[in-house]
Every structure is written in structure tokens, then in C-alpha cells.
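Reading the structure
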There are 2 protein chains.
Amino acid sequence: MEKYDDQLEISNAQLLLALKNGETKVFRKRFLDMHFYDQSHFYLSLEQPQREQLYHVLDAHEVGDFFDTIEDDLPQMTDLLAEMDTQYAADMLNDMFDDNAADILEHLPKEDVDRYLSLMGRSDAIELRKLLHYDTETAGGIMTTDYVSVREDLDVGQALAELKREAADAETIYYVYVVNADNLLVGVLTLRDLIVNDSHAKLVEVMTPNVITASVHDEQADVAQKIRDYNFIALPVTDDQQKLVGIITVDDAIEVIDDEAQSDYSGLAGVDVDYTSENPFKAASKRLPWLITLLFLGMSTATLINHYESLLSSASILAVFISLITGTAGNAGTQSLAVAVRRLAVNGENKPKILRLVIGEVLTGLVTGVITGLTVTVIVGIWKQNLALGLTIGLAMAAAITVANLAGSLIPMLMEKLGFDPAVASGPFITTLSDLTSVLIYFSIAQVFIRAFLN
Amino acid sequence: MEKYDDQLEISNAQLLLALKNGETKVFRKRFLDMHFYDQSHFYLSLEQPQREQLYHVLDAHEVGDFFDTIEDDLPQMTDLLAEMDTQYAADMLNDMFDDNAADILEHLPKEDVDRYLSLMGRSDAIELRKLLHYDTETAGGIMTTDYVSVREDLDVGQALAELKREAADAETIYYVYVVNADNLLVGVLTLRDLIVNDSHAKLVEVMTPNVITASVHDEQADVAQKIRDYNFIALPVTDDQQKLVGIITVDDAIEVIDDEAQSDYSGLAGVDVDYTSENPFKAASKRLPWLITLLFLGMSTATLINHYESLLSSASILAVFISLITGTAGNAGTQSLAVAVRRLAVNGENKPKILRLVIGEVLTGLVTGVITGLTVTVIVGIWKQNLALGLTIGLAMAAAITVANLAGSLIPMLMEKLGFDPAVASGPFITTLSDLTSVLIYFSIAQVFIRAFLN
């Protein structure tokens, strides 16, 4: 793989030279021979003056081809479009697969969207407006209308001929959708089916009638999971009248699966890992909101400890174990949160019952709490030669872990019930909340047992 | 989508009835009409007696078809194979795509593997042994040898004819690999290319000569990323002599991308979220190793605080802020860890320089630390009417956050350098370690300033 990367680097240097020297023919030949992804990589490595040269050397269609492989939420996307001639940018968006074009338009200011759409053909603009209309995180929001469908009364040979005509514009030609006169989806054919069957066979005889579909309103995560489960290359999307309106391809499913995983990961960490910055001030500005919010929650814990100051001054040994108890409970709560969030991400009939999940986590907390508590009782009992103190710490730890597991599982459940993403209940939030409950448990128990361990 | 699920449930109930009543013909017709994934879903919902009925009704080939869609690391896989007739199990494994069969065999005891392989045809067994030989997390470990390749001297029509012959056994026929007489890969054709070009065109004229490949030794994560970047349906794999030995299909890339994300997520949480159990004892047994290990690390923090007991007894107010400082630094360290692990996951030329990343995180820690420290100085100063105390807490917090960011970025880097998965540096580990450093910083600073704030 490195070999290819090395060659690519040399090739990119030669390309840049050709572009700078105005060797249009050399540049075009070399550039158009590259994979679209490598083209976009080269393009994104250019400075603005070279990019502007490139727009003169390549037509909008050729630029659109590789724009299909650029992430739609690229921060500088607005600027890239703005530096193109407006008609050129509109043509390029029009030439892209419409799901990718719609994804880019979604991130642009409304007036830019209107301007680009007004410069496209009427039917293309209508098509794109329709896609923009769907919620971005639904099947409608990620589907493309660039699919191939054929009428059910054709035979295999006719379908193949139709496919050849549409091949240039379709995002995939490996699945062909069979519709009736009302555009209702009645079957699906793979290109494999078309190749291996006799060209005079009727489509209805060779198609799979039992088509798995998504509705335009389905959540993108569910749709991606379906594509993954069934190993599909594309999944058809139908509207409320069961009419075929688009398809979702496997490359979009990968993006969705990865986005969802990144968002869970970011939630657990309390920081958006998708938008990292090398600039410490920018990076800090992304992290401070959570940290400062949690600082205030942490202040409640400090206030609570302050409330027990007379207890602490009569038994300063208690201070020694504060961080051990809050820390261990926080660790247990984080585990519980992670398991709950992952289990809630499961869809369909395997989705866990909420009450059952919380009870399971509390029981798990009880088991881990008792074992961890016993361990710490023995350690502290021996270290401080004080079994009563050991028991106090052990009991507090067992209770704190159980409560942390309750919080770690219940809070994401409540989030989900209230319609929020359960992953928003971040790890740092759970540990900070668990600090508060752990301290409360610890000092309440210590207050009861203080006579025993101060002897 | 619900509609399909509902229909499936009814259909599954009818299937079960047909199976129980021995209505073989009805069962077979209905079952074989289903998607493989739905077949496996039905199969996995059966009890053992029904499964044994099913092995009598379906042949090994038909069972192999849906076993391709079952997760290879299913805990009960060994039992499922053991309950089949041994020859039947061997035939079934032989009929599966060989990457999936190899994945199952990898999880079986060695004597089972040998038994099944000895019951297969010699060449099939050799093929599978070769796949088993590769490290599971490399391209060789996830590739299939069920691909279609054609010789470079054919024309489009001949290639299509070859494709039709091989279609039944190949995992994908959408990419056809073009090799020379030495089996060196010289080009790739999509089925789209074959369909749209004239059947008399020479392959060398219509193929893409610039093939992107993986080496058998490449890490699976890099290969999956390549498939994703280029929107491929499959990527060819070559051996050290540049000979084509297999392909990796997009469905495997999805599994890899998801597995890697789950493993990062599990690392951050300090618990393997892939193997969750409803049984509290089993679940606890998965979580306790981390918790108990970290408990001992936490004991160092307790010992450290114990070391400062005289300081604490003369200024018990210090105990009030222990959890605030350790908690906030732990939150910052978790953010830093998550960002570092994600940035290390990037491959190729975008991979960050380690030193630069650590310095960036420390600077980010400094900025967040100073702002958070100032905030807490003001809050504590006003609350306790004691600016010196506020400054002590604020200074300690700023330093503790900076050090937590250092640990959160440096530790995964070191892991990576030492050849471990950086995600193993779990969130709980970083927070527990950060407790230790935070307490040390806090009490060191407090000792210096104690005269000022006790006035």
C-alpha cells in the first residue's frame, strides 16, 4: 500500500508542475486517469490560485466527479464553491450524484442554495429541493434518486439495454428495481441475475419479489444497519404511498455507521472528536463548555463536603479515601453508561426493555460493588489496623458503585425516552454526578460508624 | 420497515409450525424464498430439537448460504457445529465463502478444525488452511479467495462468458480482476465496464490499469479505510510477489470499521461493550478486572493523601476541594485521551506527528486550565471570602488539568509506539492516574500557600 502512496506523491508533484506551467494536455491526461478520490486529494492540497487554474482546465462535470468523494461537511466547502464561477459551481453540483449535492447544499447559507438552484435545469432543481426537504438524519436525507428502475413487463435483454443507457448517470447499476405502472416497487434484480439468465426471460420470473425497503422517514442508523445485516450494495427507499423514490448505497451506509460511532465516542468523552483543531485556543473553546458546566456540578460536591466539615475535622482520615471512593464509583458508572448506550443503539426486536436493562445494571453494580467493597475493606483494615474503618470504606464503596451503575444506565434511558440521543449523557457527566452521590453516601455512612472506627 | 418486520414475524411463526409438523415441502419453499439474513435469524431463534429437524430438511449447501450471514464470533457457534453430523458440518463450511468459513474455524478448538478440514476436498482444505495462516487482523485474515479473475488476452464478450460460469461461487462479480500469465494483477474491470463496452473490445483497452491493492500484511483498519475512501465494493489483495491472492469485500470493510469503533469505545469506557451479558455475575466478571486494578492505583492516591494528613488536619478545608480538582482534571484528561486516540487512528500522510500532538494537547490543557482555574478562583474566593484559598485551588486546578492533558495524550502515544492499541489506555485509567497527579499537585501547592489562606 505504501508503494501506491509513494507513486501517488510523485504523480501529484508532476501534476502540480504541469498545472503551474500551463501544460493543459499533459495535466488533463494524467489527472483524468486518476481515481476520483485521488483527484479530490490532489485538489484539496492546492492553494487557491492553482485551484482557479484547475477550474479553467477541467469542466464542471469533471470537477463534479471528484467532488462526489469529498466530505460534505468540509469546513472550507462554502469558500471552494464561492471561488468558482457561479454557473460553473451550479453545473458542478448538478453533475454530482444528487445525494452528495444535497448534502453540500444543506451546509450552505440559504441565499447560496437558492442562487445555485436557480442556475440549474428546472427538473434537477426540483429533484434537489425535494431531497433538501427531508430531515438529514433520515433515509430521505441520505438517499439518491440516481438509481435504475425498469417496468415489470420487460424481459432480461430489454432490461440490460435500458441499464446500458442509464449506466452513466446511475450511482449503482448493480441493482435494478422493478416497478409497475404506478411506480410501485414490485421486485429487485441484481446485475448478476441479468447476466446469468436468458435474455428472453421475463423480469417477473427472475426478479426477487420480496424486496426489503426503507421508508423515507426511517432513521439513518436503522437503514445503515439493514444494509449491513443483509450485505446489500443498495437499499430502495419508498414514500408514504409505497412508491419508489430513491436508493441508499452502501458507501453512505458506511458513513452513517462511522458517524454514529464517532458520536457515541464523543459523547462518552465529553468532547466532539470529529472537529479537532491544532490551535489550542480553538480546541479549548470546544472543550470548555462541558468542563465549566461540570465544574459547577462539582461545586455541589464541594459544598456537600463542606457541609460535613466538622465530621472531617474530627476524623481527618476520612479525607484520605474521598478520591478512592469517588474514583472507583466513577469508573463503574462509566462502564455502565457505555454498556447502556451501546445496548440502546440496538434496533428492532432485540432492543432491550428499559426497566430490565436498568435492573440488570444495578444488580451488576451490586455484585461488583460487594466484591470491590470487600477488597477495599481488607486492604484498609490491614493498612490502618482498623476493621471498622475498613468496613465503613467498603460499605460506602459498594453503595457508591451500585448508585453509579443506576445513574449510568438510568440517565441514558431517560434521555432516550425524552427523545434525546442517549450518547449525550457523557462519561464526564456521569463521573461528576457520581462524585456527588458517592460523597453523600460516604459521609452518611461515616457519620453512623464514626464512633466505631475512632476508637 | 416495521411492516416488513411484522410480516417476517408472522412468516417465522408459520415456518416454525411447518417445521414442527414435518411439512417439508411447505417449509422448504417458504424458507428458501427468504433472504439469507432472515433465514439465519429464524435459525438462531430455534431450540436444538427444531434445529436438528432443520438439518434433515435442508442440505449442507442451503445451510451454508445463511451461515455466511451469521457473526463468526457467536458464542454458541462451536455447539451449533457440534450438533450437526460432522460430514454435514464440514460440507457446510466448505460451501460458505471461504473468508467466513475461516473466521468460524479461527474460533474453534484445533482438533475440531483438523477434523472438519480432513472431511473436505484436499484443495478446499489447503485453501482454508492458507487463510487461517494469516494474522486475523490483516488483509490476509479477512480476504476471500472467491473472486473472479480473467486473463488479459480475452475480450469483453469472453470475460462476460467466464463471469457467468463463475458467478455462482464468487462473492462478488461486480469487479473482475485482470491478470497476466504469471497471475500478476494488471487491471480491474467493473461489471459496468463489461456491460457498456462492445463485446469484441479487448480487456486491456477497457480495463483500469491503475489498480489500488492491499498487501496480505496490511492492517485490516487501513484496508477498510481504503475501501471507504474510494467507495469500492471490493479491494484486491496481493502477496509479496504482487500476485493476486484474494479480495476484501465492502461488507467485511463495514465489519472492520464497526469493530474498530467498538474497540475504541470499549477502551474509553474500560469495559468490552461487545460482550454484554444480562447475567449480573457474568457482567460483573467482565468489569471487575479493570475496577480492581484501578482500585490499587487509587490506593496510591489514598496513600499520598494519607501522607499529607497533618496538613489536612490543620486545614480540613482542603478536603472540601479534593474531588472538585481530581474530577475536573479527570474530565479534561478524558477529553484529551479521546482526541488523541481518534487522531492516532488516522492513517497515511495525515497521521499527526506525535510530539506535535502532545504539545498541542498540553497547550490546550494550559488554556482550559487557566480559564477553569480563574473561574474556580473567583467562585471559591467569593464563597469562602478567602482569595488566597481561591488562588490555591485555581492554581492547583490549572496545573492538574494541564498534566491530565499531558497524560491523556502521551500515554496513548507511548502505547502506539510500543506497538499496543492506543485505545487500550482507557478513560478510567487516565482519570484514576490523573487523580494521583492532581492530588500531588494540589497538596504541594497547598503546602506552599497554607500560611496565606489560613490567616
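Residues numbered from 1 in each chain as written. Chains lettered and ligands numbered in written order. Predicted model: local features only at pLDDT ≥ 70, side-chain atom pairs only at ≥ 80, totals over all residues. Heavy atoms only, no water.

What about the overall build of chain A?
Across its full length, chain A holds 23 helices and six strands. For 455 residues, the compact-globule estimate of 2.2 N^0.38 gives 23 Å, and the C-alpha radius of gyration of chain A, at 30 Å, exceeds that figure by more than 25%. Considered along the principal axes of its C-alpha atoms, chain A spans approximately 95 × 60 × 45 Å. Expressed as a percentage of its 455 residues, the buried residues of chain A come to 57%. Per element, the accessible surface of chain A, about 19300 Å² overall, is 54% carbon and sulfur. Of note, chain A has its 31 positive side-chain charges centred 4 Å away from the centre of its 66 negative side-chain charges. (Helix = DSSP H or I, 4+ residues; strand = E, 2+ residues; numbered from the N terminus. Rg over C-alpha atoms; globule rule 2.2 N^0.38 Å. Buried < 20%, exposed > 50% of the residue type's maximum accessible area, 1.4 Å probe, protein only. Areas by Shrake-Rupley, 256 points an atom, 1.4 Å probe, with all protein chains shown as cover. Lys, Arg positive; Asp, Glu negative; His and termini not counted. Charge placed at Lys NZ, Arg CZ, Asp CG, Glu CD.)

Observations regarding the interface of chain B and chain A
Listed as interface residues are 118 residues of chain B and, on the opposing side, 118 residues of chain A. The interface formed by chain B and chain A contains six salt bridges. Across the salt bridge formed by Arg228(B) and Asp258(A), the nearest N and O atoms sit 3.0 Å from each other. The interface formed by chain B and chain A contains 30 residue pairs in polar contact (both at pLDDT 80 or more). With 19 residues, the single largest contributor to the side of chain B that touches chain A is helix α17 (residues 280–307) of chain B. Taken together, the residues that form the side of chain B that touches chain A break down as 62 nonpolar, 31 polar and 25 charged. (Contact = heavy atoms within 4.5 Å. Salt bridge = Lys/Arg side-chain N within 4 Å of Asp/Glu carboxyl O. Polar contact = N/O pair within 3.5 Å; in protein donor to acceptor, adjacent residues only side chain to side chain. Nonpolar A, V, L, I, M, F, W, Y, C, P; charged D, E, K, R; others polar.)

Description of empty space enclosed by the protein
In this approach a probe as big as a water molecule rolls over the atoms, and the regions it shows empty are the leftover space. Considering all chains together, one arrives at seven cavities of 30 Å³ or more under this definition. Space inside the largest cavity adds up to approximately 140 Å³. In terms of lining residues, the largest cavity is bounded by Thr326(A), Gly327(A), Gly330(A), Asn331(A), Thr431(A), Asp435(A), Thr326(B), Gly327(B), Gly330(B), Asn331(B), Thr431(B) and Asp435(B). Contributions of two or more residues to the lining of the largest cavity are made by α20 (322–344) and α23 (427–454) of chain A together with α20 (322–344) and α23 (427–454) of chain B. Of the residues in the lining of the largest cavity, the class split is no nonpolar, 10 polar and two charged. Approximately 100 Å³ is the volume found for the second largest cavity. Surrounding the second largest cavity, 13 residues form its lining, Thr334(A), Thr431(A), Thr334(B), Gly427(B) and Thr431(B) being those nearest its centre. A class-by-class count of the residues in the lining of the second largest cavity yields four nonpolar, nine polar and no charged. (1 Å grid on protein atoms, 1.4 Å probe; cavity = no way out; pocket = protein on both sides within 12 Å on 5 of 7 lines; lining within 4 Å. Points joined across faces, edges and corners; volume = space filled by probe spheres on them.)

Remarks on the UniProt feature "transmembrane region" (unreviewed entry) in chain A
Residues and elements named next belong to chain A. Mapped onto this numbering, the UniProt entry annotates "transmembrane region" (unreviewed entry) at residues 288–305, 311–333, 354–383 and 389–415. Secondary structure across residues 311–333 comprises 87% helix and 0% strand; the distance between its end C-alpha atoms is 27 Å. The distance from the first to the last C-alpha atom of residues 389–415 is 38 Å, and the span holds 100% helix and 0% strand. (UniProt positions renumbered as here; feature names shortened; annotations may be inferred.)

A look at the relation of the copies chain B and chain A
After a rotation of 180° and a shift along the axis of 0.1 Å, chain B superposes on chain A with an RMSD of 0.2 Å. Taken together, the turn and the small shift mark the pair as related by a two-fold rotation axis. (Least-squares fit on C-alpha atoms with pLDDT ≥ 70 in both.)

Some details on the sheet that holds strand β5 (residues 234–238) of chain A
Taken together, three strands build an open sheet; the order of strands is β4-β5-β6 (chain A) and the sheet is mixed. At either end of the open sheet lies a strand with only one pairing partner, and these are β4 (214–215) and β6 (244–249) of chain A. (Pairing = 2+ DSSP bridges.)

Here we look at the packing of aromatic side chains
Under the counting rule described, the total for this entry stands at 35 aromatic pairs over all chains. A centroid spacing of 4.8 Å and a plane angle of 65° characterise the contact between Tyr37(A) and Tyr230(B), whose relative ring orientation is edge-to-face. With one member in each of two chains, Tyr37(A) in helix α3 (residues 36–44) and Tyr230(B) in helix α15 (residues 220–230) form a pair that bridges those chains. Arg115(A) extends its terminal NZ or CZ atom over the ring of Tyr116(A), reaching a point 5.7 Å from the ring centre. (Phe/Tyr/Trp six-rings, centres within 6.5 Å; stacked < 30°, edge-to-face > 60°. Lys NZ or Arg CZ within 6 Å of the ring centre and 35° of its normal.)

Here's the deal with the pattern of salt bridges
Residues and elements named next belong to chain A. Per the counting criterion, the structure on display carries 22 salt bridges over all chains. Here Lys29 makes a salt bridge to Asp33, at a shortest N to O gap of 3.0 Å. Look at Lys29 and you get exposed, because its relative accessible area is 56%. Here the salt bridges do not stand alone but share partners, grouping Lys110, Asp114 and Arg129 into one network.

Overview of the UniProt feature "domain: CBS" (unreviewed entry) in chain A
All names here are of chain A. The feature "domain: CBS" (unreviewed entry), as annotated in UniProt, sits at residues 143–206 and 207–263 in this numbering. Span residues 143–206 is 33% helix and 22% strand, its end C-alpha atoms 26 Å apart. In residues 207–263, helix accounts for 44% and strand for 23%; the two terminal C-alpha atoms are 39 Å from one another.

Brief notes about the environment of Leu194(B)
Residue and element names in this part refer to chain B. For Leu194, the location among the structural elements is in helix α13 (residues 191–196). Given the relative accessible area of 1%, Leu194 is considered buried. Apart from residues no more than four positions distant in its own chain, Leu194 is found in contact with Val156, Ala159, Leu160, Leu163, Val176, Leu189 and Leu203.

Points about the sheet that holds strand β3 (residues 185–190) of chain A
Residue and element names in this part refer to chain A. Across the sheet, three strands lie side by side as β1-β2-β3; this open sheet has mixed pairing. Only two strands of the sheet have a single partner each, and these edge strands are β1 (149–151) and β3. Strand-to-strand twist across the sheet, computed as the mean angle between neighbouring axes with direction ignored, equals 30°. Summarising the sheet, β1 and strand β2 (residues 175–179) pair through three bridges and their orientation is parallel. Counterpart to Ser149 in the pairing with β2 is Tyr177. (Axes fitted to C-alpha atoms, helices over the stretch in contact; angles between N-to-C directions.)

Some remarks on the environment of Asp274(A)
Residue and element names in this part refer to chain A. Along the chain, the position of Asp274 falls in the loop between α16 (250–269) and α17 (280–307). Exposure remark for Asp274: the relative accessible area of 44% places this residue in the partly exposed category. In this structure, the C-alpha to C-alpha distance between Asp274 and Ser263, residues 11 residues apart in sequence, is 8.2 Å. Sequence-distant contacts of Asp274, that is, excluding residues within four places in its chain, are made with Gln262 and Ser266.

Some details on helix α22 (residues 387–417) of chain A
Residue and element names in this part refer to chain A. Taking 1.5 Å as the rise per residue, α22 with 31 residues should run 45 Å; its terminal C-alpha atoms sit 44 Å apart, in good agreement. Residue Asn386 occupies the N-cap position of α22, its side-chain oxygen lying 3.3 Å from the main-chain nitrogen of Ala388. The positive-phi residue at the C-terminal boundary of α22 is Gly419, with phi of around 90°. (Expected span 1.5 Å × (residues − 1).)

Here's the deal with the pairing of β3(A)
Each regular strand displays side chains that alternate between the two surfaces of the sheet. Residues and elements named next belong to chain A. Note that β2 and β3 share five bridges and pair antiparallel. Bridge pairing in β3 places Val176 opposite Leu189. In sequence, β2 turns back onto β3 through a hairpin of five residues, with Asn183 there showing a positive phi of about 65°.

Observations regarding the nonpolar core
Judged by nonpolar contacts, the single largest core of 193 residues is most densely connected at Leu54(A), Phe67(A), Leu191(A), Leu54(B), Phe67(B) and Leu191(B). Every residue in contact with Leu54(B), bar those within four places of it in the chain, is listed here: Leu19(B), Phe27(B), Phe31(B), Phe42(B), Tyr43(B), Leu46(B), Val63(B) and Phe66(B). Formed by 76 residues, the second largest nonpolar core is a distinct cluster that contains Phe321(A), Val439(A), Ile445(A) and Ile305(B). (Core = buried A, V, L, I, M, F, W, Y, C linked by side-chain atoms within 4.5 Å.)

Describing the pairing of strand β2 (residues 175–179) of chain B
All names here are of chain B. Burial analysis of β2 places five of its five residues in the buried class, the great majority of the element. Here β2 shows no split at all, with Tyr175, Tyr177 and Val179 on one side and Val176 and Val178 on the other all buried. Between the parallel pair strand β1 (residues 149–151) and β2, the chain is carried across by helix α12 (residues 156–166), and the sense of this crossover is right-handed. (Right-handed = clockwise from strand over helix to strand, strands pointing away.)

Remarks on unusual backbone geometry
Residue and element names in this part refer to chain B. One non-glycine residue with positive phi stands out, namely Asn231, at about 55°. Relative to the helices and strands, Asn231 resides in the loop between α15 and β5 (234–238). A relative accessible area of 36% means that Asn231 is categorised as partly exposed. Here the phi dihedral of Gln242 falls at roughly 65°; this positive angle occurs in a residue that is not glycine. In this structure, Gln242 sits in the loop between β5 and β6 (244–249). Its relative accessible area of 41% is what places Gln242 among the partly exposed residues.

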